[in-house]
Amino acid sequence: MTIIRFLKESFKTVLKGNKWYYSWLALLFVLILWGGSGYISQLMNGLGETNMKDPVSWAFYIGNFTFMVGVAAAAIMLVIPAYVYNWKPIKEVVIFGELLAISAVIMALLFVLVDIGNPIKMWHMIPFIGKLNLPNSLLAWDSIVLNLYFILNLTIVSYLLYTYFKKKEYNKKFLVPLMLLSIPMAVSIHTVTAFLYNGLAARPFWNSALLAPKFLASAFCSGPAVLLILFQILRKTTSFKIKDEALFKIAELMAYAMFINLFFFASEVFKEVYSNTEHLVHFKYLFIGIGDNKDIVLYAWTSVIFSFIAFLLFLIPKTRTNFITLNIGAVLIYIGVYIEKGIALLTPGFTPDVLGQIYVYRPSMVEIQTTVMIFSIGFLVFTLLTKVAVAIIFEDLNIEALEKKRKKV
Amino acid sequence: MSEIKDKTKKMEVSRRDFIKTGALVTTAAVVGGCGISKEEFLQQHFKELTQEDVKNIKKRLETEYEKEFGKKFSVSFKEPIPQTLFGYGLDISRCIGCRRCVYACVDENNLSIDPQIHWIQVLEMEKSKGVNFHHANLHYDREKVPDDDHFYLPVACQQCENPPCVKACPVEATWKEKDGIVVVDYNWCIGCRNCMAACPYGARHFNWKKPSYIDPKTKKKSELNEDTHYLGNRPRPQGIVDKCTFCVQRTREGKYPACVEICPVGARKFGNLLDPDSEISYILKNKRVLILKEELNTQPKFFYFYAT
Amino acid sequence: MMKNYNKYTVILVSLIGFIFFVTSLNSSSETKEQKKTEPIKKKQKKAIEHIQVPPPPFSEDIFPCSECHEDMEVNKEKRILEDAHADLIGEEIVLKHDEENRWCLDCHDAKNRDKLHLADGRLVDFKESYRLCGQCHGPKLRDWKKGVHGKRTGSWNGQKKYLLCANCHNPHSPKFKKLKPMPAPVKLRSK
């Protein structure tokens, strides 16, 4: 019966809040509705409402998907330093990491869903009921690991919050293996997603053995960037306590990750530029443009420059330990990786296409709307989950307190 | 206190709105899926269909198409001819780039006119640069062809022995048949387009919208070909991938593909690779052939050759 | 020796194939179904005849040549004809086919005006003009016989229809004329 109580109380908590909370939710709803109207027109008229065409057959949606997988993976990988450095609020760090992971995976899955041309036949992907092409298709693997990862994190978080709610100690034998499992799972979702591109011999831009390591390195930048800002917000608005040192440590780790990411990037650029084979053409499209087609060049350089500035900000102890430069760095990294794992990963892979033809892709209004819708849904899910988690962990929402209150009345 | 209550109410309103929108979106999803029938929704994978299923699907599709296009269709399920492995030859020294094949293919295979789908893409390349896609022009627009400084390379599905698209498909909606043709079950495809990313030849095409057979410029309605094959040229739904099937509806009946029949210079050759006396076997034995992107180990059964 | 051997096998096999074909016509539909699933037998295949589709491409009212030429005296002196046949087909026949070395009577027979002749003088019907062309274009003739040069239509595993050299190449000016191409595909643009 406690479980019903738990759900009921969680639901109640979600509905309560101050005016900032309500305005935030209202904003998200408005954005969901606005974005949803675009998505509905896509559902009605097909993916022709997007600017994807045969030469660029995956674009904005799948770019966002890739980025979100990175965020989801990194959110959990942050658990490792939390253990290694034995941070005080380890449980809290784990829980909020998990919540971020859950929201990011939901967004990732939604981005795949909206990219599917025939969503009504999605049941063909359900194992045993449909016909999953294993072990051949990387997309089949990706759908499996993402869904498992989602279920795993959902289980861990619900179990943790539920035991807190019951004011009981969690069962270590049950939880610790799951938590440990979530770490290789986090690595696997991003690796499999990288392999999805990596395995395509037809696309030389992605067919590089560095792709998966690069994915992990960049995810180790973007995921913590989100958490860095989140922890500060939580610290200000709730009784969540995390030492400055822990935040600076995260930033330091991000600097190392960013260094590896930039190093990988430089290695790829060297290999392509020096060997100067016909595969260079995709890098050319990305950083110089081909002919008059320079749409993406600005984004590409923004990404590289932002990433490099953030790297310096996080490397230099003085700027790393200053909250203004720290937050600027986090935002720069977020933007840098968002571009790198999104549009700057997808379109150069497809441009020029396999027959050397150039179609300049830029997202259509419907694609932007649908993306806004999914981001808003993701933020909404994350807000609501965080609201419940904060209440249970810091605001004494548990069965004992509730009983006490009732007795008082 | 009352303020909070008010807000709660407001919240509930927007929550109701949200649920309503959710329901709307779901309904739209079903309608957007072209309001497909229960039978179609639940149809099993092609390789698991019983004889009975095949009969029912054939009937269902034929009625559906007749209703939609106002003429009788036949949807064949004809299986591969035993001892047959199809191969294709294209004489680069002959092709003049006239694009007759492109449009014969459109007509034969009921390809969407709007948005435009061409299974054959004719590339114009500079003679001095050889077969190089980075100097290829798909959109050449000349008064007369062939141009003296250029040669022409039509590219369609290469019917690989080792097809990367088949490997990529997450739901086995595409596979290689016994006669070597790579086919798609349009009713099983979910439209994820992983196969398109995997294909090194740009041979796979997506129906971004429901295929329309009216020319957007001239408003002329094109006549559909009613002799269809389930895995070939039957009218396609929206949101799935299609591709060249060597005209499976023709070739399994012993006929040549439409592009072979139309080619004004006889540059296109087709036949059975297992038959040592076929035209294609003669080409492999006596001519110098090239396959596209052989370094990818896709092992195409589409051979370009220079007869002269 | 080898060639003769091949010729006889072809004839023999054709004969067997023909008998096979006739008997198969009489057999019940059931056995026909069975046969469909069997691999194509060599014998069956060899029996396939090639069919010439269009007749030699004569301009209207120009054949038989003898209709006009019978009563004309033959001038066997090699020369460039002026306005050759322009009155008949509306346009002058200009020889652009090794014209330095050849002229009309190298191919057209001077005595039998409705025939062509080979280098050794043997007469050839217009329906078999490929024998004449093959005298110079040996490898092309070989490819053509195999169906690799020129156009084959019909059935890849059955009856094939073929065209004569002259159906595609104007024998007096065999190089292909340029063609107007069909429209280029629509250029894709982002909305």
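In this numbering scheme, every chain counts its residues from 1 along its sequence in written order. Written order decides the labels, with chains lettered from A and ligands numbered from 1. For this predicted model, a pLDDT threshold of at least 70 governs which residues receive local features, and a threshold of 80 or more governs which side-chain atom pairs are given and counted, while totals over whole chains, interfaces and linings are taken from all residues.

*Asks:* Please explain the overall build of chain C as it appears in this structure.
*Replies:* Strands are runs of DSSP state E lasting at least 2 residues, helices are runs of H or I lasting at least 4, and numbering of each runs from the N terminus. Of regular secondary structure, chain C possesses 8 helices and 5 strands. Sequence-ordered secondary structure for chain C, helices as α and strands as β, is α-α-α-β-α-α-β-β-α-α-β-β-α. Taken across its 191 residues, chain C has 9% of its residues classed as buried. Working definition of a contact: two residues with C-beta atoms, positioned from the backbone, lying within 7 Å. A fraction of 59% describes how many contacts in chain C between residues 6 or more apart in sequence connect residues 24 or more apart. Buried residues are those with 20 or more other C-beta atoms within 10 Å of their own C-beta, exposed residues have 12 or fewer, and partly exposed residues lie in between; C-beta atoms are placed from the backbone.

*Asks:* Would you mind going over the overall build of chain B with me for this structure?
*Replies:* Check the secondary structure of chain B and you find 9 helices and 12 strands. For chain B, the residues scored as buried account for 49% of the 308 residues in total. Pairs at least 24 residues apart make up 65% of the contacts formed inside chain B by residues separated by at least 6 positions.

*Asks:* What am I meant to see in unusual backbone geometry here?
*Replies:* Backbone phi values are negative for most residues with the exception of glycine, while trans is the configuration of most peptide bonds. Along the chain, L134 of chain A connects to P135 of chain A via a cis peptide bond; the corresponding omega equals 5 degrees. Mapped onto the secondary structure, P135 of chain A falls in the loop between α5 (90-115) and α6 (138-166). Here the bond from F63 of chain C into P64 of chain C is cis, since omega is -5 degrees, no more than 30 degrees from zero. Looking at the element boundaries, P64 of chain C is found in the loop between β1 (50-52) and α4 (66-69). Backbone geometry places Q83 of chain B, a non-glycine residue, at a positive phi of 60 degrees. Within the fold, Q83 of chain B resides in the loop between β1 (74-76) and β2 (86-91).

*Asks:* How do you make sense of the interface of chain B and chain C when you look at a structure like this?
*Replies:* A common way to state how big an interface is: give the accessible area lost once the parts meet. On the side of chain C, 28 residues touch chain B, which itself brings 37 residues to the contact. For the side of chain B that touches chain C, the leading source of residues is strand β10 (residues 268-272) of chain B, giving 4 residues.

*Asks:* I tried to follow the packing of helix α8 (residues 211-237) of chain A against helix α13 (residues 323-341) of chain A on my own but got confused; where do I start?
*Replies:* When two helices pack together, their arrangement is captured by the angle between the axes and the distance separating the axes. Residues and elements named next belong to chain A. Helix axes use the C-alpha atoms of the stretch in contact, all axes being lines fitted to C-alpha atoms, and the angles between their N-to-C directions lie in the range 0 to 180 degrees. The interhelical angle for the contact between α8 and α13, taken along N-to-C directions, is 140 degrees, at an axis separation of 9 Å. Considering their axes alone, α8 and α13 lie oblique with respect to each other. Between α8 and α13 the crossing geometry is left-handed. For the pair α8 and α13, the contacting residues are S218, C221, S222, A225, V226, L228 and I229 in the first and N327, A330, I333, Y334, V337, E340 and K341 in the second. Ten residue types, Ala, Val, Leu, Ile, Met, Phe, Trp, Tyr, Cys and Pro, are classed as nonpolar, four, Asp, Glu, Lys and Arg, as charged, and the remainder, Gly among them, as polar. Counted by class, the contact of α8 with α13 contains 9 nonpolar, 3 polar and 2 charged residues. An angle below 35 degrees is read as roughly parallel, one above 145 as roughly antiparallel, one from 65 to 115 as roughly perpendicular, and any other as oblique. For any pair of crossing helices, the crossing counts as left-handed if the nearer helix is rotated counterclockwise from the farther one by less than a right angle, and right-handed if it is rotated clockwise.

*Asks:* How should I be thinking about the nonpolar core in this particular structure?
*Replies:* A general tendency of soluble globular proteins is for nonpolar side chains to be buried together. Judged by nonpolar contacts, the single largest core of 216 residues is most densely connected at A72, A108, F111 and M254 of chain A. No other element matches α5 of chain A, which puts 17 residues into this core. If sequence neighbours within four positions are ignored, A108 of chain A has contacts with F65, M68, V69, A72 and L146 of chain A. Think of a nonpolar core as buried Ala, Val, Leu, Ile, Met, Phe, Trp, Tyr and Cys residues chained together by C-beta atoms that fall within 7 Å. Listed in part, the 7 residues of the second largest apolar core include L116, L132, L164 and C165 of chain C.

*Asks:* Quick question: what am I supposed to make of the packing of helix α9 (residues 244-275) of chain A against helix α11 (residues 297-315) of chain A here?
*Replies:* All names here are of chain A. Look at α9 against α11: their axes get within 8 Å of each other, and the N-to-C directions meet at 140 degrees. Comparing the axis directions of α9 and α11 gives the class oblique. Crossing of α9 against α11: the hand is left-handed. Seen from α9, the contacting residues are A251, E252, M254, A255, M258, F259 and L262; seen from α11, they are S307, F308, A310, F311, F314 and L315. Partitioning the contact of α9 with α11 into residue classes produces 11 nonpolar, 1 polar and 1 charged.

*Asks:* What should I look at first to understand the interface of chain A and chain B in this one?
*Replies:* Contact with chain A, which involves 46 residues of that partner, is made by 52 residues of chain B. Elements with a minimum of two residues in the side of chain A that touches chain B: α2 (19-45) and α6 of chain A. Ranked by residue count, the leading element in the side of chain A that touches chain B is α2 of chain A, at 9 residues. A per-class count over the side of chain A that touches chain B returns 25 nonpolar, 15 polar and 6 charged.

*Asks:* Quick question: what am I supposed to make of the confidence of the model for chain B here?
*Replies:* The predicted coordinates should not be examined in detail at positions where pLDDT is low. Scored from 0 to 100, pLDDT reflects the predictor's confidence in each residue. When pLDDT is averaged along chain B, the result is 91; 89% of the residues meet or exceed 70. Confidence drops under pLDDT 50 across residues 1-11 of chain B; counting only partners more than four residues distant or on other chains, this segment forms 4 contacts.

*Asks:* Teacher, can you tell me more about the environment of C160 of chain B here?
*Replies:* Residues and elements named next belong to chain B. With respect to the helices and strands, C160 occurs in the loop between β4 (150-155) and α5 (164-168). Considering only alpha carbons, one finds C160 and K127, 33 residues apart in sequence, at a separation of 27 Å. Ignoring sequence-local partners within four residues, the contact set of C160 consists of T298, Q299 and P300.

*Asks:* Looking at this model, I keep getting lost on the pairing of strand β3 (residues 121-126) of chain B. Mind explaining?
*Replies:* Successive side chains on a regular strand alternate, one facing one side of the sheet and the next facing the other. Residues and elements named next belong to chain B. Counting buried positions along β3 gives 5 out of 6 residues, so the element sits mostly inside the fold. By definition, two strands form a pair when at least two bridges between them are found by DSSP. With 6 bridges joining them, β3 and β4 adopt antiparallel strand pairing. Looking at β4, one finds that Q121 is bridged to V155.

*Asks:* Would you explain the sheet that holds β2 of chain B in this entry?
*Replies:* Note: strands within a sheet are paired through backbone hydrogen bonds, in either parallel or antiparallel orientation. Reading across from one edge, β10-β2-β12-β11 (chain B) is the order of the 4 strands in this open sheet, with mixed pairing throughout. Sheet topology places β10 and β11 (289-290) of chain B at the edges, where each strand pairs with a single neighbour.

*Asks:* Quick question: what am I supposed to make of helix α10 (residues 280-287) of chain A here?
*Replies:* The α-helix advances 3.6 residues per turn, and as a result positions three or four apart in sequence lie on the same side. All names here are of chain A. All buried positions along α10 are accounted for by V281, H282, Y285 and L286. Seen end-on, α10 carries its buried residues on one side only, within an arc spanning 140 degrees. Looking at the packing, one finds that the buried side of α10 touches α11 and α14 (343-350). Looking one or two places after α10, you find G289, whose phi comes out positive at around 90 degrees. The directions from the helix axis to the C-beta atoms form the arc being described.

*Asks:* Would you take a moment to explain the confidence of the model for chain C for this structure?
*Replies:* Residues and elements named next belong to chain C. Of all residues in chain C, 73% have pLDDT values of 70 or greater, and the mean over the chain is 79. When pLDDT is averaged over each element of chain C, strand β2 (residues 116-117) comes out on top at 95 and helix α2 (residues 29-37) at the bottom at 39. Confidence drops under a pLDDT of 50 for residues 22-40, and excluding neighbours within four residues, the segment shows 7 contacts in the predicted structure. Confidence drops under a pLDDT of 50 for residues 42-48, and excluding neighbours within four residues, the segment shows 20 contacts in the predicted structure.

*Asks:* How should I be thinking about helix α4 (residues 100-108) of chain B in this particular structure?
*Replies:* Residue and element names in this part refer to chain B. Among the 9 residues in α4, 7 count as buried, and that is most of the element. Among all positions in α4, only R100, C101, V102, A104, C105, V106 and E108 are buried. Following α4 by one or two positions, N110 adopts a phi angle in the positive range, close to 55 degrees.

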